[in-house]
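# Results of the structural survey
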Amino acid sequence: MQRLLRRRDFLAAARGRSRAAQGAVVQLRRRADDGPARIGFTVTRKLGGAVRRNRIRRRLKEAVRLAAADHFRAGCDYVIVGRAATVDRPFAKLISDIISAVDYLHRPEAADNNAAGASGGRRLKQDSL
């Protein structure tokens, strides 16, 4: 398992499929190669100062390291986005949130549900196009 470090990789994952859970949002991008899974972590400034954001990021990294790493697949990039609830979420539930989001994204029907586009699964009315 490797880390995502480049902005373009984060942006590419943001254009892929995503799944929101109470503790975090998981974004998935399938790459063309079969290299090891790459994971990036991000926390927006809206969630607080540097101390709070770093705490959220550390909790996410530890949750992935301890339990969720087995669920990531080769040839995929993942971005784990911290949420406000990440700080206070019990650690076992945080791990469960990440695992369930990753497993959901790998299900075949998840690709069909997100086919509506990057609008979070909402379908636009034909008249609004």
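To keep things clear, this report deals only with the structure shown in the data block.

The rules behind these values
- Residues numbered from 1 in each chain as written.
- Predicted model: local features only at pLDDT ≥ 70, side-chain atom pairs only at ≥ 80, totals over all residues.
- Heavy atoms only, no water.
- Phe/Tyr/Trp six-rings, centres within 6.5 Å; stacked < 30°, edge-to-face > 60°.
- Lys NZ or Arg CZ within 6 Å of the ring centre and 35° of its normal.
- Salt bridge = Lys/Arg side-chain N within 4 Å of Asp/Glu carboxyl O.
- Helix = DSSP H or I, 4+ residues; strand = E, 2+ residues; numbered from the N terminus.
- Buried < 20%, exposed > 50% of the residue type's maximum accessible area, 1.4 Å probe, protein only.

The next point concerns the packing of aromatic side chains. Overall, the coordinates contain 1 aromatic pair when judged by the stated rule. With a centroid separation of 4.4 Å and an interplanar angle of 55°, the aromatic rings of F72 and Y78 are classed as tilted. Above the ring of Y104, the side-chain terminus of R19 is found at 3.8 Å from the ring centroid.

Oppositely charged side chains can form a pair if their charged atoms are brought close together. Per the counting criterion, the structure on display carries 7 salt bridges. Between R38 and D77 there is a salt bridge, with the nearest N and O atoms lying 2.8 Å from each other. Taken together, the positions of R38 in strand β4 (residues 38–42) and D77 in strand β5 (residues 76–82) put the pair 39 residues apart, joining distant regions of the chain. For R65, the salt bridge goes to E62, with nearest N and O atoms at 2.6 Å. In this pair, R65 and E62 are both assigned in helix α2 (residues 50–66), 3 residues apart and thus about one turn of the helix distant. A relative accessible area of 54% means that R65 is categorised as exposed. Judged by relative accessible area, E62 falls into the partly exposed class, the value being 28%.

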